[in-house]
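Given next are the chains, with one letter for each unit.
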Amino acid sequence: MVTIVVGGQFGDEGKGKIVSYIAQKDNPEIIARAGVGPNAGHTVYKNGKKFGLRMIPCGFVNDDSKLLIGAGVLVDTERFLEEVEITGTKGRIFIDERCTVIEQKHRDADAGSSFLKNKIGTTGRGCGPANADRVNRTAKLARDEPALSAYIADVPLEIDKTIKAGGDVIVECSQGFGLSVYYGTYPYVTSKDTTASMAAVDIGIGPTKVDDVIIIYKAYMTRVGEGPMQSLITDENISKYPIWAGLLEKAEKQGLPGANANEKIAELLGEKGTVTKRLRRVGNFDFELAKRAAMINGATQIGVTCIDKIFPECYRKQHLEDLPKKCMDFIRLIEKKVGVSVTLISTGPEPEDIVDLRKV
Ligand code: GTP
Ligand code: IMP
Ligand code: MG
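What counts, and at which threshold
Residues numbered from 1 in each chain as written. Chains lettered and ligands numbered in written order. Predicted model: local features only at pLDDT ≥ 70, side-chain atom pairs only at ≥ 80, totals over all residues. Heavy atoms only, no water. Helix = DSSP H or I, 4+ residues; strand = E, 2+ residues; numbered from the N terminus. Polar contact = N/O pair within 3.5 Å; in protein donor to acceptor, adjacent residues only side chain to side chain. Contact = heavy atoms within 4.5 Å. Donors = N, O, S within 2.8 Å, 3.2 Å for Na, K, Ca; no water. Buried < 20%, exposed > 50% of the residue type's maximum accessible area, 1.4 Å probe, protein only. Near = heavy atom within 4 Å. Areas by Shrake-Rupley, 256 points an atom, 1.4 Å probe, with all protein chains shown as cover. Nonpolar A, V, L, I, M, F, W, Y, C, P; charged D, E, K, R; others polar. 1 Å grid on protein atoms, 1.4 Å probe; cavity = no way out; pocket = protein on both sides within 12 Å on 5 of 7 lines; lining within 4 Å. Points joined across faces, edges and corners; volume = space filled by probe spheres on them. Domains from an automatic or database assignment. Buried area = accessible area lost by both parts, 1.4 Å probe. Salt bridge = Lys/Arg side-chain N within 4 Å of Asp/Glu carboxyl O. Arc of directions from axis to C-beta.

(A) Seen up close, the side chain of Asn39. Mapping Asn39 onto the fold places it in the loop between strand E2 (30-33) and strand E3 (42-46). A polar side-chain atom of Asn39 sits 3.3 Å from a polar atom in the side chain of Thr190. Sequence-distant contacts of Asn39, that is, excluding residues within four places in its chain, are made with Thr123, Arg125, Cys127, Gln175, Thr190 and Val275.

Next up, the structure:
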């Protein structure tokens with residue numbers, strides 16, 4: 001079985017958390033990383049310890065799974081080696097020989113360009129310039145980087161062998177639908193498509209090999225970097241939304257900093273970029289965007305994260321009957337508007353904080 005886990009909003013939906021849970025629960029043979037590259041920042045917990053990962057698949061929390069990074073993913077050599085060390089994954093992590101390597105010139109071009117850095121608000125990790133070099137056919141590949149020689153593999157072949165033997169493969173994407181270079185809010189997007197089809201290309205499997213696509217939505221919206229956000233919470237509209245007004249009151253009581261209501265709430269919810277530490281903008285769940293994202297991703301299931309941040313009574317719950325009615329009304333509304341079943345409801349940051357409704 002091949003299952004792709006993909007972001008349905010603007011990234012940071014909590015894919016890392018969901019993948020870390022599935023990796024432990026389903027015990028897949030392979031966890032394969034797709035997506036753009038080290039512009040991603042995933043937060044995962046293993047035995048209570050927090051990891052901020054940019055390169056290593058979040059599924060590393062399962063010690064028995066083989067970890068693969070697909071050819072479509074940009075590799076930051078130094079960061080990769082650091083994370084191998086931090087996670088202790090040497091011996092079971094491999095990268096495709098065809099991955100593009102990010103070089104210092106790419107980071108300089110990204111962070112040094114006022115268009116990329118200021119107008120688009122990139123993460124400054126060199127991803128756009130490295131992808132441009134790949135398209136221009138001037139990029140360096142992983143097979144030409146001596147420091148990576150111990151990690152080189154033929155990722156599509158490894159995955160094919162596992163599929164043929166009847167094993168399970170979890171594909172973890174990065175970023176989210178609204179950041180797709182084709183389907184997102186261009187030009188305020190990342191340097192590649194971010195949908196499930198791209199993830200299949202990234203790791204080298206054909207579309208007929210994909211069994212399930214789990215699309216992840218946070219229970220509200222967040223966006224880091226520039227670009228439009230339809231459902232943004234502002235000082236003007238906040239009084240219309242009791243949940244947000246309540247969160248603002250809480251933030252103000254705690255004396256949290258922020259130039260406006262949105263920033264104060266982002267502080268309260270801990271909405272800061274994993275990579276850039278920039279404050280994320282927050283907004284209402286955007287049903288239209290969610291529906292379109294599910295359509296273009298071919299989603300078969302939905303995972304909803306951070307439900308506890310808007311319904312604190314849900315915190316760390318593991319059973320459906322323990323979730324309050326107002327929370328379930330919201331879940332049912334997502335299912336109705338998007339037309340896909342919600343099978344995973346995440347109720348806290350650690351892997352076991354989840355209500356799992358999948359038929360296994
Ligand atoms: P990207 O590749 O950047 O999109 O990463 P991501 O989708 O893995 O999300 P990221 O880790 O950047 O941000 C999600 C944040 O929410 C992290 O700090 C997680 O620990 C946290 N988180 C995830 N799920 C839950 C949840 O259900 N409840 C709470 N309270 N926190 C959660
Ligand atoms: P780049 O991918 O670094 O070129 O950044 C382009 C845009 O995508 C910027 O708005 C970034 O903030 C956003 N972005 C890239 N990766 C992520 C991610 O993993 N989470 C959230 N936003 C991201
Ligand atoms: Mg992130």
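That shown, we press on.
(B) Seen up close, the coordination of the magnesium ion (ligand 3). The coordination sphere of the magnesium ion (ligand 3) contains the protein donors Asp12 (OD) and Gly41 (O), at a distance range of 1.9 to 2.2 Å. One end of the pair, Asp12, is in the loop between strand E1 (2-7) and helix H1 (15-26); the other, Gly41, is in the loop between E2 and E3, and 29 residues separate them in sequence. We classify Gly41 as buried; its relative accessible area is 16%.

(C) Layout of the site of ligand 2. The environment of ligand 2 is made up of 16 residues, and the closest members are Asn39, Thr123, Thr190, Val224 and Arg278. Thr123 has a polar side-chain atom sitting 2.7 Å from an oxygen atom of ligand 2. A distance of 3.1 Å separates a nitrogen atom of ligand 2 from a polar side-chain atom of Gln175. Coverage of ligand 2 by the protein amounts to 97% of the 470 Å² it exposes when considered alone. Taken together, the residues of the shell around ligand 2 sort by class into six nonpolar, eight polar and two charged.

(D) Structural context of empty space enclosed by the protein. Taken as a whole and judged by the stated rule, the model has one cavity of 30 Å³ or more. In this structure, the largest cavity encloses a volume near 40 Å³. Looking at the largest cavity, the residues that line it are Gly35, Val36, Cys173, Ser174, Gln175, Asp193, Thr194, Thr195, Met198, Ala199 and Asp202. A breakdown of the residues in the lining of the largest cavity according to their chemical character gives four nonpolar, five polar and two charged.

(E) The environment of Ser174, seen in detail. Along the chain, Ser174 falls in the loop between strand E8 (169-172) and helix H7 (196-203). On a C-alpha basis, the gap between Ser174 and Ala34 in space is 6.8 Å, while along the polypeptide they are 140 residues apart. Discounting residues that sit within four places of it in the chain, Ser174 has contacts with Lys15, Arg33, Ala34, Gly35, Val36, Gly37, Ala40, His42 and Thr194. At a separation of 3.4 Å, a polar atom in the side chain of Ser174 contacts the side chain of Arg33. One polar contact links the side chain of Ser174 to the main-chain amide nitrogen of Val36, over a distance of 3.3 Å.

(F) Summary view of the domain arrangement of the protein. Looking at the protein, the domain boundaries give domain 1 (2-218 + 286-356) and domain 2 (232-283). Using only C-alpha atoms to locate each centre, domain 1 and domain 2 end up separated by 26 Å. The partner domain 2 presents nine residues to the 17 residues of domain 1 that form the contact. Together, the buried faces of domain 1 and domain 2 total about 970 Å²; carbon and sulfur atoms form 54% of this surface. On the domain 1 side of the interface with domain 2, the three residues burying the most area are Asp12, Lys309 and Ile310, jointly 42% of the side's total. Connecting domain 1 to domain 2 are three salt bridges. The residue Glu271 makes a salt bridge to Lys309 at a minimum N-O spacing of 3.9 Å. Linking domain 1 with domain 2 are four residue pairs in polar contact (both at pLDDT 80 or more).

(G) Fine view of helix H6 (residues 155-164). Of the residues making up H6, those classed as buried are Val155, Glu158, Ile159 and Thr162. Buried residues in H6, looked at end-on, bunch into an arc of 95°, giving them a common side. Exposed residues lying more than 90 degrees from the buried face of H6 are Lys161 and Lys164. Where H6 ends, the next residue or the one after it, Gly166, has phi of about 80°, a positive value.

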